[in-house]
Amino acid sequence: MRGVMTVREAMALAEETGLDLVEISPNAEPPVCKVLDYGKYKFEMQKKANEARKKQKIVELKEIKLRPGIDDHDFGIKMKNARAFLEDGDKVKVTMRFRGREMAHQEIAQAVLKRVRAELDELGKVVSEPSFEGRQIVMIIAAK
């Protein structure tokens, strides 16, 4: 801690010690500077940035495809996978696909989607309500 000094004095002090004068916070009044090795400082800042990048979690969108006539066992397996995705912090896109005459019985598909919502209610909340996209209904659930 050298206190407030002119830029010339600070530059002379840095040159005397063989180090660099680095401006740490330019918005402060007066600006805060340190006498240190700039290459080492840049390296430390890069290491901190890399550590922060490693620790952050990227939320992915996982998809589960269903059909209106899905059997109980198959439904159970799909829900087990969806629970695992939500516990990992990912979003789950539930896709209900229709083939042929299945489009005529959309109430069955709505019942299956309500069942999905009930199963995953404690782990996630519905971000996107069920909506039609061509020959399929899509619903997105995010982790709570």
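Each remark here, short or long, concerns the structure printed above.
No experiment lies behind these values; they were computed from the predicted model shown.

Visitor: Before we go on, may I ask you to explain the overall build of the chain in this structure?
Guide: When helices and strands are tallied, the chain shows four helices and six strands. Secondary structure of the chain in N-to-C order comes out as α-β-β-α-β-α-β-α-β-β. In terms of its C-alpha atoms, the chain occupies a principal-axis envelope of roughly 85 × 25 × 25 Å. The proportion of buried residues among the 144 residues of the chain is 22%. A separation of at least 24 residues holds for 53% of the contacts in the chain among residues at least 6 apart in sequence. Entry remark: accessible area of the chain is about 10500 Å², with carbon and sulfur atoms responsible for 52%. Here the chain contributes 28 positively and 24 negatively charged side chains, and the mean placements of these two sets differ by 5 Å.

Visitor: Looking at this structure, how should I read the nonpolar core?
Guide: Core analysis: the largest hydrophobic core is formed by 19 residues, its most contacted members being Leu66, Val94, Met96, Val116, Leu120 and Ile141. In contact with Val116, other than residues within four places in its own chain, are Leu66, Phe75, Met79, Val94, Met139 and Ile141.

Visitor: How do you make sense of helix α3 (residues 72-87) when you look at a structure like this?
Guide: The periodicity of an α-helix, 3.6 residues per turn, causes residues three or four places apart in sequence to face the same way. Over its 16 residues, α3 extends 22 Å from the first C-alpha to the last, a length consistent with the 22 Å expected when each residue adds 1.5 Å. Inspection of α3 places Phe75, Met79, Ala82 and Leu86 among the buried residues, and these make up the whole buried set. End-on, the buried residues of α3 take up no more than an arc of 60°, which puts them together on one face. Exposed side chains of α3 directed beyond 90 degrees from the buried face belong to His73, Lys80 and Glu87. Residues of α3 that are buried make contact with β3 (61-66), β4 (91-97), α4 (106-119), β5 (124-132) and β6 (136-143). Taken from the residues just after α3, Gly89 is the one with a positive phi, measuring 95°.

Visitor: Can you help me understand the packing of α3 against α4 in this one?
Guide: Geometrically, a packed helix pair is captured by the angle between its two axes and the distance between the axes. The geometry of α3 relative to α4 is characterised by a closest axis approach of 11 Å and an angle of 45° between their N-to-C directions. Here α4 runs oblique to α3, going by the angle between their axes. The two elements α3 and α4 meet at a crossing, and its hand is right-handed. For the pair α3 and α4, the contacting residues are Asp72, Phe75, Met79 and Arg83 in the first and Val112, Arg115, Val116 and Glu119 in the second. For the contact of α3 with α4, the per-class residue count stands at four nonpolar, no polar and four charged.

Visitor: Honestly, the environment of Val4 in this entry has me stumped. Any pointers?
Guide: Here Val4 shows up in the segment before α1 (7-17). Along the chain, Val4 and Cys33 lie 29 residues apart, while their C-alpha atoms are 9.9 Å from each other.

Visitor: Explain the pattern of salt bridges to me, please; I cannot follow it from the model alone.
Guide: Pairing of side chains with opposite charge becomes possible as their charged atoms draw close. Overall, the coordinates contain seven salt bridges when judged by the stated rule. Between Glu51 and Lys54 there is a salt bridge, with the nearest N and O atoms lying 4.0 Å from each other. Of this pair, Glu51 and Lys54 both sit in helix α2 (residues 38-55), three residues apart, which is roughly one turn of that helix. A salt bridge links Asp90 to Lys57, with the nearest nitrogen and oxygen atoms 3.1 Å apart. Of the two residues, Asp90 sits in the loop between α3 and β4 while Lys57 sits in the loop between α2 and β3, which places them 33 residues apart along the sequence. In this structure Asp90 comes out as buried when scored by relative accessible area, which is 4%.

Procedures and definitions
- Residues numbered from 1 in each chain as written.
- Predicted model: local features only at pLDDT ≥ 70, side-chain atom pairs only at ≥ 80, totals over all residues.
- Heavy atoms only, no water.
- Helix = DSSP H or I, 4+ residues; strand = E, 2+ residues; numbered from the N terminus.
- Buried < 20%, exposed > 50% of the residue type's maximum accessible area, 1.4 Å probe, protein only.
- Contact = heavy atoms within 4.5 Å.
- Areas by Shrake-Rupley, 256 points an atom, 1.4 Å probe, with all protein chains shown as cover.
- Lys, Arg positive; Asp, Glu negative; His and termini not counted.
- Charge placed at Lys NZ, Arg CZ, Asp CG, Glu CD.
- Core = buried A, V, L, I, M, F, W, Y, C linked by side-chain atoms within 4.5 Å.
- Expected span 1.5 Å × (residues − 1).
- Arc of directions from axis to C-beta.
- Axes fitted to C-alpha atoms, helices over the stretch in contact; angles between N-to-C directions.
- Parallel < 35°, antiparallel > 145°, perpendicular 65-115°, else oblique.
- Left-handed = near helix turned anticlockwise from the far one by under 90°.
- Nonpolar A, V, L, I, M, F, W, Y, C, P; charged D, E, K, R; others polar.
- Salt bridge = Lys/Arg side-chain N within 4 Å of Asp/Glu carboxyl O.

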